[in-house]
Amino acid sequence: MITYPVVEKFISINGEGQKAGELAAFIRMRGCNLSCNYCDTSWANTMDCPCEFLSTEELITWLTEHKIKNVTLTGGEPLLTKGIDIFIESLGSSGFSVEIETNGSVALDCFHNLLHRPAFTMDYKCPDSGMEQAMCTDNFSLLLSKDTVKFVVSSIADLEKARTICTHYKIADHCPIFLSPVFGRIDPKEIVEYMIEHHWNEARLQLQMHKFIWPPEQRGV
Ligand SMILES: C[S@@+](CC[C@H](N)C(=O)[O-])C[C@H]1O[C@@H](n2cnc3c(N)ncnc32)[C@H](O)[C@@H]1O
Ligand SMILES: Nc1nc2[nH]cc(C(=O)O)c2c(=O)[nH]1
Ligand code: SF4
Ligand SMILES: [Mg+2]
């Protein structure tokens, strides 16, 4: 029986993305291949982080008990979890609406062809994250309208790079573009001013809502 290394699971409102404000269940998997210098869940990224090994049946029982429709798989990097494709199919065939928060370094081609293809919220790691060299830009051509490309920006230089990438890969023809400030590192006003200055109608500012509702460092919300 496959089990998955879950470092936390909780019900909350989704603080980010196309379903921001809707109830969702979050399942956070252990381990990540990147180390973004702003990561707000770096505690979950090491392989010695305490976790529970849970089976599909245990996780679906928990979701069913909470009468939840939306499920977000996050981490760490959820797409590196062994057998995650099987879990995604099980969630989809059980009727859950599945969103994956993924870091942009994992090739999506094998997940794109799943019977129950989830919605991907895929980061493009901007230069100031220190992780841009790991980006798998072949993913852009696979994205659909239910997916999102998210740029988590630290600076105007990051915004410049985000705009260049959007133009080059014609991202707005595939899916929505979200701009999210690295929490506390850039004033969201600067992002709005940048959008106005560059007539950037295709982009959408998003703030991590849960960090305004609860203390920004709080886990499990
Ligand atoms: C913790 S990551 C986990 C999923 C995956 N590893 C990824 O990077 O997309 C979830 C989302 O939180 C964002 N994030 C992490 N730290 C952040 C911070 N300090 N401020 C804003 N967003 C942050 C990431 O960029 C990503 O979009
Ligand atoms: N409420 C809430 N919404 C979220 N959306 C994406 C999250 C994540 O950490 O991936 C997250 C999270 O940690 N909490
Ligand atoms: S890829 Fe995601 S989980 Fe990994 S370090 Fe970056 S923000 Fe954190
Ligand atoms: Mg988070």
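Remember, it's a predicted structure, so these values are computed and weren't measured experimentally.

### Remarks on the layout of surface pockets
Approximately 980 Å³ is the volume found for the largest pocket. Along the wall of the largest pocket there are 47 residues; nearest its centre are Glu16, Arg28, Asp40, Thr41 and Gln208. Among the elements of the structure, β1 (3–13), β2 (23–29), β4 (70–74), β5 (97–102), β7 (148–153), β8 (177–181) and α6 (210–213) are those that each provide at least two residues to the lining of the largest pocket. Here the lining of the largest pocket gets four residues from one element, more than from any other, and that element is β1. Taken together, the residues of the lining of the largest pocket sort by class into 17 nonpolar, 17 polar and 13 charged. Taken as a whole, the second largest pocket holds about 180 Å³ of empty space. Around the second largest pocket, the lining is made up of 17 residues, and of these Gln18, Lys19, Glu99, Ala119 and Lys146 lie nearest the centre.

### Some details on the nonpolar core
Judged by nonpolar contacts, the single largest core of 56 residues is most densely connected at Leu73, Phe151 and Trp200. Residues contacting Phe151, with those up to four places away along its chain left out, are Tyr124, Cys126, Ala162, Ile165, Cys166, Ile171, Ile177, Phe178, Leu179 and Ser180.

### Regarding the side chain of Glu16
Within the secondary structure layout, Glu16 lies in the loop between β1 and β2. The class of Glu16 is buried, set by a relative accessible area of 11%. In contact with Glu16, other than residues within four places in its own chain, are Lys150, Gln206, Gln208 and His210.

### Details of the packing of helix α4 (residues 156–168) against helix α5 (residues 188–197)
Relative to each other, α4 and α5 sit at 40 degrees, their axes nearing to 11 Å. Classified by the angle between their axes, α4 and α5 sit oblique to one another. Classified by chirality, the crossing of α5 by α4 is right-handed. In contact with Ile156, Leu159, Glu160 and Arg163 of α4, α5 contributes Glu190, Ile191 and Tyr194.

### Quick word on the UniProt feature "binding site: Mg(2+)" (unreviewed entry) in the protein chain
In the UniProt entry, the feature "binding site: Mg(2+)" (unreviewed entry) is given for Thr41. Within the secondary structure, Thr41 sits in the loop between β2 and β3 (52–55). For Thr41, a relative accessible area of 9% corresponds to the buried category. Other than its neighbours up to four places away in sequence, Thr41 contacts Arg28, Gly75 and Gly76.

### Some points on the side chain of Asn139
Assignment of secondary structure puts Asn139 in the loop between β6 (119–123) and β7. For Asn139, a relative accessible area of 2% translates into the label buried. In terms of polar contacts, Asn139 uses its side chain to reach the backbone carbonyl oxygen of Val106, at 2.9 Å. When sequence neighbours within four positions are dropped, the list of residues in contact with Asn139 reads Gly104, Val106, Ala107, Leu108 and Met122.

### Side note on helix α1 (residues 56–65)
Burial in α1 covers these residues: Thr56, Leu59, Ile60, Trp62 and Leu63. Along the axis of α1, the buried residues cluster in a sector spanning 155 degrees; they form a single face. Where α1 is buried, its residues touch β1, β2, β3, β4 and α2 (84–93). Lys67 sits one or two positions beyond α1 and adopts a positive phi of about 50 degrees.

### Digging into the site of ligand 1
Around ligand 1, 20 residues are found, and the nearest of them are Tyr38, Gly76, Asp123, Lys125 and Lys150. Between ligand 1 and Tyr38, the relevant distance is 2.9 Å, taken from a nitrogen atom to a main-chain nitrogen or oxygen of the residue. A distance of 3.2 Å is found between an oxygen atom of ligand 1 and a backbone nitrogen or oxygen belonging to Thr102. For ligand 1, whose free accessible area comes to 540 Å², the fraction covered by protein is 93%. The cavity where ligand 1 resides is the largest pocket. When grouped by side-chain class, the residues that make up the shell around ligand 1 number six nonpolar, seven polar and seven charged.

### Considerations on the sheet that holds β7
For sheets, the rule is that strands pair by backbone hydrogen bonds, running either parallel or antiparallel. Reading across the sheet, the nine strands line up as β3-β1-β2-β4-β5-β6-β7-β8-β9 and stay open at both edges, with mixed pairing between neighbours. Strands with a single pairing partner mark the edges of an open sheet, and in this sheet they are β3 and β9 (203–205). With strand direction ignored, the average angle separating the axes of adjacent strands in the sheet is 30 degrees. Examined bridge by bridge, β7 and β8 share five bridges and lie parallel to one another. Note that in β8 the partner of Val153 across the bridge is Pro181. Seen against the sheet, α4 touches β7 and β8 and runs at an angle of roughly 160 degrees to β7. Against the sheet, α5 contacts β7, β8 and β9, and its axis sits at roughly 160 degrees relative to β9.

Thresholds, definitions, all that
- Residues numbered from 1 in each chain as written.
- Chains lettered and ligands numbered in written order.
- Predicted model: local features only at pLDDT ≥ 70, side-chain atom pairs only at ≥ 80, totals over all residues.
- Heavy atoms only, no water.
- 1 Å grid on protein atoms, 1.4 Å probe; cavity = no way out; pocket = protein on both sides within 12 Å on 5 of 7 lines; lining within 4 Å.
- Points joined across faces, edges and corners; volume = space filled by probe spheres on them.
- Helix = DSSP H or I, 4+ residues; strand = E, 2+ residues; numbered from the N terminus.
- Nonpolar A, V, L, I, M, F, W, Y, C, P; charged D, E, K, R; others polar.
- Core = buried A, V, L, I, M, F, W, Y, C linked by side-chain atoms within 4.5 Å.
- Buried < 20%, exposed > 50% of the residue type's maximum accessible area, 1.4 Å probe, protein only.
- Contact = heavy atoms within 4.5 Å.
- Axes fitted to C-alpha atoms, helices over the stretch in contact; angles between N-to-C directions.
- Parallel < 35°, antiparallel > 145°, perpendicular 65-115°, else oblique.
- Left-handed = near helix turned anticlockwise from the far one by under 90°.
- UniProt positions renumbered as here; feature names shortened; annotations may be inferred.
- Polar contact = N/O pair within 3.5 Å; in protein donor to acceptor, adjacent residues only side chain to side chain.
- Arc of directions from axis to C-beta.
- Near = heavy atom within 4 Å.
- Areas by Shrake-Rupley, 256 points an atom, 1.4 Å probe, with all protein chains shown as cover.
- Sits in = over half its atoms within 2 Å of the grid points.
- Pairing = 2+ DSSP bridges.

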